Amino acid sequence: MPRGGLNDMTAFLEVARERSFTRAARKLGVSQSALSQALKKLEEELGVQLLVRTTRSVAATEIGERLLQKISPHLEGIERELATLNELRGKPAGKIRISSSDHAINELLLPKLSAFLQAYPDVQIEMVIDYGFVDIIAERYDAGVRYGETLARDMIAVRIGPDARMIAVATPAYFARHPKPATPKDLAAHNCINLRQQGSGGLYAWELEKKGRPEIRVQVEGQLTFNGIYSCLQAALLGLGLAFVPEDLARPYLSDGRLEIALDDWSLPFPGFHLYYPDITQPSPAFSLLVEALRYRPE
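Note that the coordinates shown come from a computational prediction; the quantities given were computed from them, not determined experimentally.

The helix and strand inventory of the chain stands at nine helices and 14 strands. Taken across its 299 residues, the chain has 40% of its residues classed as buried. Here the contacts in the chain between residues at least 6 apart in sequence split such that 72% fall between residues at least 24 apart. Accessible area for the chain stands at about 17100 Å²; split by element, carbon and sulfur atoms hold 51% of it.

Before going further, it helps to examine the packing of aromatic side chains. Applying the stated criterion across every chain, the model contains seven aromatic pairs. A ring pair is formed by Tyr147 and Phe270, whose centres lie 5.0 Å apart and whose planes are at 90 degrees; its orientation type is edge-to-face. Of this pair, Tyr147 sits in strand S5 (residues 143–147) while Phe270 sits in the loop between strand S13 (260–262) and strand S14 (273–277); the two residues are 123 residues apart in sequence, bridging distant segments of the chain. For the pair Tyr147 and Phe270, one class covers both residues: buried. With centroids separated by 5.0 Å and ring planes inclined at 80 degrees, the aromatic side chains of Tyr277 and Phe287 adopt a geometry described as edge-to-face. Taken together, the residues Tyr277 in strand S14 and Phe287 in helix H9 (residues 285–294) connect sequence positions 10 residues apart. Across the pair, Phe287 and Tyr277 agree in class, each one buried. One aromatic cluster is present, built from ring pairs that chain together Tyr147, Phe270 and Phe273. In this arrangement the basic side chain of Arg97 is found over the ring face of Tyr141, its NZ or CZ atom lying 4.4 Å from the centre.

Attention now moves to H9. Regarding H9, the residues found buried are Ala286, Phe287, Leu290, Val291 and Leu294. Projection of H9 onto a plane perpendicular to its axis shows the buried side chains occupying an angular sector of 135 degrees, all on one side. Check the buried side of H9 and you find it contacts strand S3 (94–100), helix H5 (102–119), strand S4 (123–129), S5, strand S6 (156–159) and S14.

Next up on the list: the pattern of salt bridges. According to the stated counting rule, one finds 12 salt bridges in the structure shown. The salt bridge involving Glu18 is made with Arg23; its shortest N-O contact spans 3.5 Å. Accessibility expressed as a relative area gives 21% for Glu18, which makes it partly exposed.

The next point concerns helix H3 (residues 32–46). Compared with the 21 Å implied by 1.5 Å per residue over 15 residues, the 21 Å span of H3 between its first and last C-alpha is a close match. Among the residues of H3, Leu35, Ala38, Leu39, Leu42 and Glu43 are the ones counted as buried. Along the axis of H3, the buried positions cluster into a sector of 130 degrees, meaning they face one direction only. Every exposed residue of H3 that faces more than 90 degrees away from the buried side is listed here: Gln37, Lys40 and Glu44. Phi turns positive one or two residues past the end of H3, at Gly47, with a value near 75 degrees.

An order of S4-S3-S5-S14-S6 is seen for the five strands of this open sheet, with the pairing classed as mixed. Each of the sheet's edge strands pairs with one partner strand only, and the pair in question is S4 and S6. For this sheet, the mean inter-axis angle between neighbouring strands, taken without regard to orientation, is 25 degrees. Relative to S4, S3 is paired through seven bridges, and the arrangement is parallel. Across the sheet, the residue bridging to Ser100 is Ile129, located in S4.

Within the element layout of this structure, Pro179 appears in the loop between helix H6 (172–177) and strand S8 (194–195). Distance in space between the C-alpha atoms of Pro179 and Ala189 is 9.5 Å, their sequence separation being 10 residues.

In contact at an axis separation of 9 Å, H5 and H9 are set at 125 degrees when each is read in the N-to-C sense. As judged from the angle between their axes, H5 and H9 are oblique. At the point where H5 passes H9, the crossing takes the right-handed sense. Residues Leu109, Lys112, Leu113 and Phe116 of H5 form the contact with H9, whose participating residues are Ala286, Leu289, Leu290, Ala293 and Leu294.

As a further point, take the nonpolar core. Nonpolar side chains tend to gather and get buried jointly when the protein is soluble and globular. Formed by 57 residues in total, the largest nonpolar core has its most connected members in Leu187, Trp206 and Leu242. Not counting chain neighbours up to four residues away, the residues in contact with Leu187 comprise Pro181, Cys192, Trp206, Leu208, Val218, Val220, Leu242 and Leu263. The next biggest cluster of nonpolar side chains, apart from the first, holds 19 residues, and it includes Phe12, Phe21, Leu39 and Leu75.

Moving on to the side chain of Ser99. Within the secondary structure, Ser99 is located in strand S3. Those residues within four positions of Ser99 in sequence are excluded, and the remaining contacts are Val128, Asp130, Val134, Tyr141, Ala143, Gly144, Val145 and Arg146.

At Arg140, a residue that is not glycine, the phi angle is positive and equals roughly 65 degrees. Considering the arrangement of structural elements, one finds Arg140 in the loop between S4 and S5. For Arg140, a relative accessible area of 69% corresponds to the exposed category. With a phi angle near 55 degrees, Leu263 is a residue other than glycine that sits in the positive phi range. With respect to the helices and strands, Leu263 occurs in the loop between S13 and S14.

What counts and what doesn't
- Residues numbered from 1 in each chain as written.
- Predicted model: local features only at pLDDT ≥ 70, side-chain atom pairs only at ≥ 80, totals over all residues.
- Heavy atoms only, no water.
- Helix = DSSP H or I, 4+ residues; strand = E, 2+ residues; numbered from the N terminus.
- Buried < 20%, exposed > 50% of the residue type's maximum accessible area, 1.4 Å probe, protein only.
- Contact = heavy atoms within 4.5 Å.
- Areas by Shrake-Rupley, 256 points an atom, 1.4 Å probe, with all protein chains shown as cover.
- Phe/Tyr/Trp six-rings, centres within 6.5 Å; stacked < 30°, edge-to-face > 60°.
- Lys NZ or Arg CZ within 6 Å of the ring centre and 35° of its normal.
- Arc of directions from axis to C-beta.
- Salt bridge = Lys/Arg side-chain N within 4 Å of Asp/Glu carboxyl O.
- Expected span 1.5 Å × (residues − 1).
- Pairing = 2+ DSSP bridges.
- Axes fitted to C-alpha atoms, helices over the stretch in contact; angles between N-to-C directions.
- Parallel < 35°, antiparallel > 145°, perpendicular 65-115°, else oblique.
- Left-handed = near helix turned anticlockwise from the far one by under 90°.
- Core = buried A, V, L, I, M, F, W, Y, C linked by side-chain atoms within 4.5 Å.

Structure below.
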């Protein structure tokens, strides 16, 4: 393309359409002299005459007419797209991809997104379940959701949930057969339900911490292994073993007596779910609104 680029081509297209420098200049918001100079420069760079000028009218030459027919549809398409982008500049729209655990999706994201999705019908959100540590840039995610203590250092983190706690639970019938563990070492005698991490493929080590003592990571053993926390909880409810699950998931069953907690004093609270994403100079309106919709606001 000549050095004048798109602007000079647009000037030629408008003059050829209007057959008048005066009307074209008014439509483009430039002076007639500036428009005339732009067309003269374009003709010099192309090495052909595009317009025939008289005192009364302007018309395209044969070469100019051919160029007009070729570029007109493309320039019009560009103009329409730019106009659309201008309209959408303040209108939330587009797709947002989020990597998250099913626990965070079901218990936190979906309840908060109900009003958001109704308010912004042009926004699409894709949520992919993953328990591992995902490189959201490499995997083309806009954001990820993880517990606060596991965030990457080079990410912006926005708290979207309260403090959390992981607890060991089983049914009263299970504990009748296997006395409750008093210390983490006692877990070796229990049929523990394992959680396999999807990213690394390894088994999740139970993270236990008592006030005043360092954290202990225990690699438990048992007959059942799942790659989803809801299945671990369901297995515990069926009396199939001792599970290590988020307290908010187990709370209803603790309240009605279907589950009992073990090692309660070894389950300290930790920072809850955070939305993390790379530092973007100009995030889309849709993403900025999503962050605010998910932001944790203590009552």
